[in-house]
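# Coordinates in review
Here's the letter readout for the chains.
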Amino acid sequence: MDAPENHGDNVQAFCEFAQLLGCPETFGGHEVERWRAHILSHLGEQWPQDSGCSFCSKRRFDSDKYGGRARAAFHERSEHVWLHITRDGKVVEDLQPDYRLFKFMRDRGFIPERTLQGTFQYAVSLPNPDRPGELMAPPQLQSIYGDDEVVPYSSPGSQSAWRRY
Ligand SMILES: [Zn+2]
Ligand SMILES: [Zn+2]
């Protein structure tokens, strides 16, 4: 076993938008800065005011909680996401929609509306925890972006292809 500090040597990281955009870019386990710059390039070199995580529903990176500094919020987000990939061993199939970030991308024309809408199919395919035997209703933009928590996710890897368009 590698020592924890060496775990990055054998890790190959990937772009967070591998599913959404089909981006094939890969990175070494120590290339966090190149990875971060690459992610930002997908966002037109702009820091989103509000985003979640591409792997878990535990964190929200709202710049209001970082003194209004979108750069600080996004920096912390990228540290968090990077550790999912390099420390937790998440793979492309584990990617989940970060609707807050996707909305930011839609609002600026980086993804078309139908791509955003297509990612909603991910939620529709999940079991509804409140209604046994039923599936989740399609996400409503209002509820996604109005609540403190992002939509509930299924277990990791259970949805390997939520990008429909
Ligand atoms: Zn990419
Ligand atoms: Zn996370």
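Anything mentioned here points back to the structure above.
Below you will find a few notes about this structure. Numbering of residues starts from 1 in each chain and follows the order in which that chain's sequence is written. Chain letters start at A and ligand numbers start at 1, both assigned in the order the entries are written. Where totals are concerned, whole chains, interfaces and linings use all residues; where local detail is concerned, this predicted model gives features only for residues with pLDDT of at least 70, and gives and counts side-chain atom pairs only at 80 or more.

## A look at the environment of Ser78
So the rule is basically this: Here a strand is any run of E in DSSP of at least two residues, a helix any run of H or I of at least four, and the numbering for each starts at the N terminus.
You can see Ser78 is positioned in helix α2 (residues 70-86). Each C-alpha atom, one on Ser78 and one on Ile39, is 8.7 Å from the other, the two residues being 39 residues apart in sequence.

## Observations regarding the nonpolar core
For clarity, the cut-off: Among buried residues, those of type Ala, Val, Leu, Ile, Met, Phe, Trp, Tyr and Cys that are joined through C-beta atoms within 7 Å form a set called a nonpolar core. Counts of 20 or more other C-beta atoms within 10 Å of a residue's own C-beta define buried residues, counts of 12 or fewer define exposed ones, and intermediate counts define partly exposed ones; C-beta atoms are placed from the backbone. Placing C-beta atoms from the backbone, we regard two residues as in contact once those atoms come within 7 Å.
Ala13, Phe27, Trp35, Ile39, Cys53, Phe55, Val81, Trp82, Ile85 and Leu95 form the largest nonpolar core, which has 10 residues in total. Every element with two or more residues in this core is listed here: α1 (32-42) and α2. The greatest single-element share of this core, amounting to three residues, is contributed by α2. Ignoring sequence-local partners within four residues, the contact set of Trp35 consists of Ala13, Phe27 and Trp82. Among the nonpolar cores identified, the runner-up in size contains nine residues, and Cys15, Phe17, Phe102 and Phe104 belong to it.

## Topic: α2
Put simply, the test is: For a helix, the expected span equals 1.5 Å multiplied by the number of residues minus one.
Spanning 17 residues, α2 covers 24 Å between terminal C-alpha atoms, matching the ideal 24 Å at 1.5 Å per step. Along α2, the residues classified as buried are Ala73, Phe74, Arg77, Ser78, Val81, Trp82, Ile85 and Thr86. Among the structural elements, β1 (12-14), α1, β3 (50-51) and β4 (61-62) are those in contact with the buried residues of α2.

All we've got here are geometric facts, nothing functional implied.
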